[in-house]
Amino acid sequence: MPTVLALETSCDESAAAIVADRSVLASAVASQIEEHARWGGVVPEIASRRHLEALPSLIERVVAESGVALAEVDAIAASVAPGLVGALLVGSVTGRTLARLHGKPFLGIHHLEGHLASVQLGEEAPPQGPVLVLLVSGGHTELIRVDAPGHYQRLGRSHDDAAGECFDKVGRLLGLPYPGGPAIEAAAQGGDPSRFSLPKGRVSRPGGGFLPYDFSFSGLKTAMLRQVQALGASGAPLPLADLAASFEQVVAEVLVERSCRCAKAEGLATIVLVGGVAANRRLRALLAQRAAADGLLWRVAPLAWCTDNAAMVGAAACQRFAEGCRSSIRLGVAPRLPLAEAGRLYASEACF
Ligand code: KG4
Ligand code: ZN
């Protein structure tokens, strides 16, 4: 059972964890959200600086809490793609330096593979056999067929904003703080999810009809803007709870309906929900309800490991390590890398 020190710095959370297979021995996250909230979104330059400041003490903390010295871990891992280049570099350079100093192998991890692995950190046994993963975060909205560890096929995606990004932008137009996801969820408490009728954006297929498993959130964002403008013109206070609940409901419906349709068409018995937006309780509940009605199994990442953290990176690293994967110590970082190409991170010659 491998034990790994894992680092996560792809966006606005600095994180370190020590993970032994599916057990999180220690995990620490320093969120920069408050700092970025002033600007209404993530400022890359600030993110890199804060990672640099936060990482050393986070590593010290997880070593102290786990009681596992760096000399005792089997490998050191860091997210290396996709994400903000300057931010990723901090984790990558730190990880590779520690690996060299302690004579340990280094593993670069695909951030989305980390999100996928988050579901293994639950109490239940990991889902078996081929599954359909609904990955919804601030940067991605994807339906991914996973036939075996490391074997990914993307079956659906958003053609514009990611679901989390849409939560963040709609949060801003409702006057809520960044990030919009948790703020909208809180504002929606007690609201009427059926009060406003909002569009379930569809993506046209070039030859006619629609792409059945793809998403578009730009029309929904515009519809929300129009609602807010129309309601604002009357001078009355915005019905915030109803607006937030109606928005949350339509996003949850569109995600769950297309996931269930895709799983059934592909003959996949299980849907797995991961990523920051997977923390949304309305989405989790709707998936449970609709999947059960369709005779599908479902699994959601534990709440604690939905938004960015290093434990999920550690879980992915343990799996890769056990399969014999090792990265070149020269491996750099990349802002974009399809999940299906995650295996390139373990080529003996660094792929970037
Ligand atoms: O996975 P994550 O932490 O970072 C990325 O890899 O992007 O996801 C962050 C996103 C943000 O857009 C945030 O608004 C959204 O996840 N989010 C939520 C909730 N918590 C976080 N969206 C809806 N409901 C939530 N409770
Ligand atoms: Zn993420």
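Just above, that's the structure.
Residues numbered from 1 in each chain as written. Chains lettered and ligands numbered in written order. Predicted model: local features only at pLDDT ≥ 70, side-chain atom pairs only at ≥ 80, totals over all residues. Heavy atoms only, no water.

Every protein donor of the zinc ion (ligand 2) is listed here as His111 (NE2), His115 (NE2) and Asp308 (OD), and their distances to the metal cover 2.0 to 2.1 Å. The site at the zinc ion (ligand 2) holds four donor atoms, and with the angles between them running 95 to 133°, its shape is tetrahedral. Binding-site remark: the zinc ion (ligand 2) is held by donors from one chain whose sequence spacing is H-x3-H-x192-D. Here His115, found in helix 4 (residues 111–117), pairs with Asp308, found in the loop between strand 10 (297–300) and helix 10 (311–322); they are 193 residues apart in sequence, far enough to count as distant. Looking at Asp308, the relative accessible area reads 16%, which means it is buried. (Donors = N, O, S within 2.8 Å, 3.2 Å for Na, K, Ca; no water. Tetrahedral: all angles 85-135°; square planar, octahedral: opposite > 155°, others 65-115°. Helix = DSSP H or I, 4+ residues; strand = E, 2+ residues; numbered from the N terminus. Buried < 20%, exposed > 50% of the residue type's maximum accessible area, 1.4 Å probe, protein only.)

Our focus in this paragraph is the nonpolar core. By size, the foremost hydrophobic cluster in this structure holds 63 residues, and its most contacted members are Leu116, Val133, Phe217, Leu220, Phe247 and Leu255. The element that contributes the greatest number of residues to this core is helix 8 (residues 240–266), accounting for 13 residues. Mapped onto the domain boundaries, this core takes at least three residues apiece from domain 1 (3–117 + 306–346) and domain 2 (127–300). Residues contacting Leu116, with those up to four places away along its chain left out, are Val133, Leu135, Ile144, Val146, Tyr152, Val274 and Leu339. Core analysis: the second largest hydrophobic core is formed by 51 residues, Ile59, Ala75, Ile109 and Ala311 among them. (Core = buried A, V, L, I, M, F, W, Y, C linked by side-chain atoms within 4.5 Å. Domains from an automatic or database assignment. Contact = heavy atoms within 4.5 Å.)

For the rest of this paragraph, the subject is the pattern of salt bridges. Throughout the structure, instances matching the rule amount to 20 salt bridges. As a salt-bridge pair, Arg145 and Asp147 come within 3.1 Å of each other at their nearest N and O atoms. Judged by its relative accessible area of 15%, Arg145 is buried. Residue Asp147 is classed as partly exposed on the basis of its relative accessible area, which comes to 38%. With a shortest N-O distance of 3.6 Å, Arg290 and Glu257 are connected by a salt bridge. (Salt bridge = Lys/Arg side-chain N within 4 Å of Asp/Glu carboxyl O.)

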